[in-house]
Amino acid sequence: MAVLRSVIRGVGAHLPKRIVTNDDLAKIVDTNDSWIQERSGIVCRHIADENELTSDLGAAAAKQALVRAGIDPVDIDLIVCATATPDRTFPATAVRIQSMLGVTKGAAFDVQAVCSGFVYALTVADNFLKLGQSKRALVIGAETFSRILDWSDRSTCVLFGDGAGAVVLEAQPQHGTNDDKGILATRIRSDGRFEDLLYVDGGPGSTKTVGHLRMNGREVFRHAVQKISGVIEETLVETGYAADEIDLYIPHQANKRILDGIAKKLGVAPEKIVMTLDRHGNTSAASIPLALNDAFEAHRVKEGSLILMEAMGGGFTWGAVLARW
């Protein structure tokens, strides 16, 4: 029986021009290149200039994705932007991107699930398309995390960067089997008992300030490997695939040790895991689409490739999306 699937038509990305190396950070905080690389795998990251907004990064990534998809912005009827660093408290950054692209129909809104944001946004858009409520969607992950970092805290400021990535989804009829193109399965989870392990210590409803990112790195690492591995296994069970049948794993880029830990737990070959962490740092909701774009440009994603995207973020939130290119 024919079903509607959300097929990925195009991918795009945008990174700020300014690159900050570990040696650059060593000039402003007590750290060094070897310390950062040993604990995270990060070599450098991109940092937005003062006049670059989250919406600017998101719109640039979206434009590239639209061009590659061969779709005119006026044919988009849904925009979902995953971000924890919106331009304003309101309106949604997605609405600003909608205006920048010249889209005047459909709906645009933000999703806030921190580093799991892109997985959440894909899941939300997929449900709209599968139900026939939208035909073509832009799903964007965009962040300017540099705006919420405490640059005197070496345990956090060295880990994050800015950037944006986007995909264009189109509802297309498929056969309803695992051989279909498009999104085959999604899983999202959260557990608010752990919210104080990774959070921002401010907000308009509490301190009336933006606040800074705070993290218990040891506990986040422990939960990340367990929870991400678990949701990957759930997704594989649902679709009947084995871990070694997935062509590419595109994880949230938080820490190389987390990526290595997940690969070991699942028995996945290292060459199947896309890693951009060393060049981008942790870009939160932008990291998965940035990594997907990197794999696309390196010709690692081919027609029919099975890709599994997974993440965990503050909340805790976590999830996975399995799709066929």
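Residues numbered from 1 in each chain as written. Predicted model: local features only at pLDDT ≥ 70, side-chain atom pairs only at ≥ 80, totals over all residues. Heavy atoms only, no water.

When you go through the protein residue by residue, the secondary structure sums to 10 helices and 13 strands. For 325 residues, the compact-globule estimate of 2.2 N^0.38 gives 20 Å, and the C-alpha radius of gyration of the protein, at 18 Å, lies within 12% of that figure. C-alpha extents for the protein along the principal axes are approximately 60 × 45 × 40 Å. A burial count over the protein gives 56% of its 325 residues as buried. Summarising the internal contacts of the protein: among those between residues at least 6 apart in sequence, 77% fall at separations of at least 24. (Helix = DSSP H or I, 4+ residues; strand = E, 2+ residues; numbered from the N terminus. Rg over C-alpha atoms; globule rule 2.2 N^0.38 Å. Buried < 20%, exposed > 50% of the residue type's maximum accessible area, 1.4 Å probe, protein only. Contact = heavy atoms within 4.5 Å.)

In this section: the packing of helix α7 (residues 217-239) against helix α8 (residues 256-266). The geometry of α7 relative to α8 is characterised by a closest axis approach of 9 Å and an angle of 45 degrees between their N-to-C directions. By the angle between their directions, the pair α7 and α8 is classed as oblique. Considering how the two elements wind past one another, α7 and α8 form a crossing that is right-handed. Two secondary-structure elements touch here, α7 through F221, A224, V225, I228, S229, I232 and E233 and α8 through R257, I258, G261, I262, K265 and L266. (Axes fitted to C-alpha atoms, helices over the stretch in contact; angles between N-to-C directions. Parallel < 35°, antiparallel > 145°, perpendicular 65-115°, else oblique. Left-handed = near helix turned anticlockwise from the far one by under 90°.)

With that settled, consider the packing of aromatic side chains. For the structure on display, the rule yields four aromatic pairs. Summarising the aromatic geometry, the rings of F194 and F316 are spaced 5.5 Å apart at their centres and angled 25 degrees between planes, so their arrangement reads as stacked. Of this pair, F194 sits in the loop between β8 (182-190) and β9 (198-200) while F316 sits in the loop between β12 (306-313) and β13 (317-324); the two residues are 122 residues apart in sequence, bridging distant segments of the chain. With a relative accessible area of 17%, F194 lands in the buried category. The aromatic ring of W35 is capped on one face by R154, whose charged end is 4.5 Å from the ring centroid. The side chain of R257 reaches across the aromatic face of F221, ending 5.9 Å from its centre. (Phe/Tyr/Trp six-rings, centres within 6.5 Å; stacked < 30°, edge-to-face > 60°. Lys NZ or Arg CZ within 6 Å of the ring centre and 35° of its normal.)

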